[in-house]
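Residue strings, one per chain:
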Number of protein chains: 2
Amino acid sequence: MTAEAAPRKHRTAGRPVQKILSKEAITVAALKLIASGGYDALTMSGLARHLGVAPSALYNHVASKHDVLLLVQDHIMANVDVSGFGALPWDEAVRRWAWSYREVFSQHTPLIPVIAVLPVTGAPRTLAMYEELTSGFLAAGWPEPLVVPAIVALESFIFGSAFDVTAPEDIFESGELAKANPKFSAAVRARQRNGGSAASPTADAAFRLGLEGLISGLEEQRRSWAAHGA
Amino acid sequence: MTAEAAPRKHRTAGRPVQKILSKEAITVAALKLIASGGYDALTMSGLARHLGVAPSALYNHVASKHDVLLLVQDHIMANVDVSGFGALPWDEAVRRWAWSYREVFSQHTPLIPVIAVLPVTGAPRTLAMYEELTSGFLAAGWPEPLVVPAIVALESFIFGSAFDVTAPEDIFESGELAKANPKFSAAVRARQRNGGSAASPTADAAFRLGLEGLISGLEEQRRSWAAHGA
DNA sequence: ACCTGAACACCGTTCAAGT
DNA sequence: ACCTGAACACCGTTCAAGT
């Protein structure tokens, strides 16, 4: 192979280094801004201010704000818990993964429209998650053609459910239209609230119900695939 | 009751009427802009231009752009097909509803973050859909406490899946990282593509698998609720 | 190679002034 | 009551100029 051009670090006195920024520094600053002020606070000028730099300087390291969102996305994907695959039964591993995945993205819902549509090329942590998942599905006896559709189905449910977590508890109050919609209004009052932790009992109950349904229903789809052949 | 202040229409010669705008006119114009140029084209000034009016005039009828999105949302909700409930078996009705719901919102994904988080008060068509759904679930023997969680679970899956429809077919190409993620790359190549119409075979296959899984899995959850009691 | 400063082409929204 | 026109406080992004 040809010699690699390794960056030479020649310390020239105490004068200030010219390189201040990097993709990593931008990602970290973005996460701080989001944590403190939400996605409204994530602006290119806010990022620049936080890094002590002019906004235009950012464009030496990222091509656009969209690029920043992708960096953030791949970074937080490492917080999704895939440890169950290979260690626990399939359904237990899916359960652990799904709850942690929803938890992570309920804090980052503005990323969902971005990642659900974006090629996974160049998102190494995201790919690593998919590799773990695939491995776990295959080891549990899933036929290869169903693995990706099953993962996508679960992921779609998780993304949709992440929005729910941030919804106010009174989202289904029908107000003065209650009398015109009596059955729905009654069902809202009667709805189940258990099945989860503290913060959002109704969202948790719906997520638990859907997830348990998906887990058993997908297993049934797998069995009927095995019976029918392709 | 007190006398209602009905709008008097006094025709004063042929001089131009002063009222040009209305919520309805704004909604229709918004739908036209979205249809021709997508949600990027939906700006307050674009709306005003299309209606032959100054941008500030819009604020006599809506409080914000967010308001416009809500008008659009409730308008298109009427396109979701709930005709199966009361006419077909529960699973068939859910199938018809779910496919049409995904179809409608795959054209309007920018609405999803808005509606998933917004109180349903003052969205009459949306409430009417929920009333139909509730009625159908109850008639099929669903226990009242599970109706809303089941609807929310299905809706979450549908919203997440609506994003998938707009994703490029090569979204899972791992590029040069393919060798580092061999099982996933192979599963992507082997994935099932049937189970839907023409335009997006892989998204359709995932949606079909997840929906069929959810339908049978939710029915199982319903049975186990009946067995356990509350 | 990397950063600064000024500028550009937009946004959504407000508000005094007109009729 | 409803619309106009000007203004405000932002956005993300570009680009010549500096070192």
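Residues numbered from 1 in each chain as written. Chains lettered and ligands numbered in written order. Predicted model: local features only at pLDDT ≥ 70, side-chain atom pairs only at ≥ 80, totals over all residues. Heavy atoms only, no water.

- Under an unreviewed UniProt entry, the name given to chain A is TetR/AcrR family transcriptional regulator, and the organism recorded is Arthrobacter mobilis.

### What about the overall build of chain A?
Here is step 1 of the chain: Of the regular secondary structure elements, chain A holds nine helices and zero strands.
Here is step 2 of the chain: Starting at the N terminus and walking to the C terminus, you meet the elements of chain A as α-α-α-α-α-α-α-α-α.
Here is step 3 of the chain: Whereas a compact globule of 230 residues would reach a radius of gyration of roughly 17 Å, chain A reaches 23 Å, over 25% beyond that.
Here is step 4 of the chain: In terms of overall dimensions, chain A has a C-alpha envelope of 75 × 55 × 25 Å along the principal axes.
Here is step 5 of the chain: Residue burial in chain A is summarised as follows: out of 230 residues, 48% are buried.
Here is step 6 of the chain: Within chain A, residue pairs in contact and separated by at least 24 positions form 66% of the contacts whose partners lie at least 6 positions apart.
Here is step 7 of the chain: Working note: accessible area of chain A is about 11400 Å², and carbon and sulfur atoms make up 55% of it.
Here is step 8 of the chain: Considering chain A, the positive charge centre built from 21 side chains and the negative charge centre built from 22 side chains are found 8 Å apart. (Helix = DSSP H or I, 4+ residues; strand = E, 2+ residues; numbered from the N terminus. Rg over C-alpha atoms; globule rule 2.2 N^0.38 Å. Buried < 20%, exposed > 50% of the residue type's maximum accessible area, 1.4 Å probe, protein only. Contact = heavy atoms within 4.5 Å. Areas by Shrake-Rupley, 256 points an atom, 1.4 Å probe, with all protein chains shown as cover. Lys, Arg positive; Asp, Glu negative; His and termini not counted. Charge placed at Lys NZ, Arg CZ, Asp CG, Glu CD.)

### Focus on the protein's contact with DNA strand C
Here is step 1 of the chain: Taken together, 18 residues lie near DNA strand C, and Ile20, Ala54 and Ser56 of chain A together with Tyr59 and Lys65 of chain B sit nearest.
Here is step 2 of the chain: Within the backbone of isoleucine 20 of chain A, a nitrogen or oxygen atom sits 2.8 Å from a phosphate oxygen of DNA strand C.
Here is step 3 of the chain: A distance of 2.6 Å is found between a phosphate oxygen of DNA strand C and a backbone nitrogen or oxygen belonging to alanine 54 of chain A.
Here is step 4 of the chain: Looking at the surface near DNA strand C, its residues break down into eight nonpolar, eight polar and two charged. (Near = heavy atom within 4 Å. Polar contact = N/O pair within 3.5 Å; in protein donor to acceptor, adjacent residues only side chain to side chain. Nonpolar A, V, L, I, M, F, W, Y, C, P; charged D, E, K, R; others polar.)

### Regarding the nonpolar core
Here is step 1 of the chain: One finds Trp97, Phe105 and Phe137 of chain A together with Trp97, Phe105 and Phe137 of chain B to be the most contacted residues of the largest nonpolar core, which totals 141 residues.
Here is step 2 of the chain: Those residues in contact with phenylalanine 105 of chain B that lie beyond four places of it in its chain are Ile76, Met77, Leu111, Ile112, Ile115 and Ala162 of chain B. (Core = buried A, V, L, I, M, F, W, Y, C linked by side-chain atoms within 4.5 Å.)

### Concerning the packing of helix α4 (residues 90–106) of chain A against helix α9 (residues 201–228) of chain A
Residue and element names in this part refer to chain A.
Here is step 1 of the chain: Two numbers describe how α4 lies on α9: the axes approach to 11 Å, and their chain directions differ by 145 degrees. Crossing angle aside, the handedness with which α4 passes α9 is right-handed. Side by side, α4 and α9 meet where Trp90, Asp91, Val94, Arg95, Ala98, Trp99 and Arg102 of the first sit next to Ala203, Asp204, Phe207, Arg208, Leu211, Glu212, Ile215 and Glu219 of the second. (Axes fitted to C-alpha atoms, helices over the stretch in contact; angles between N-to-C directions. Left-handed = near helix turned anticlockwise from the far one by under 90°.)

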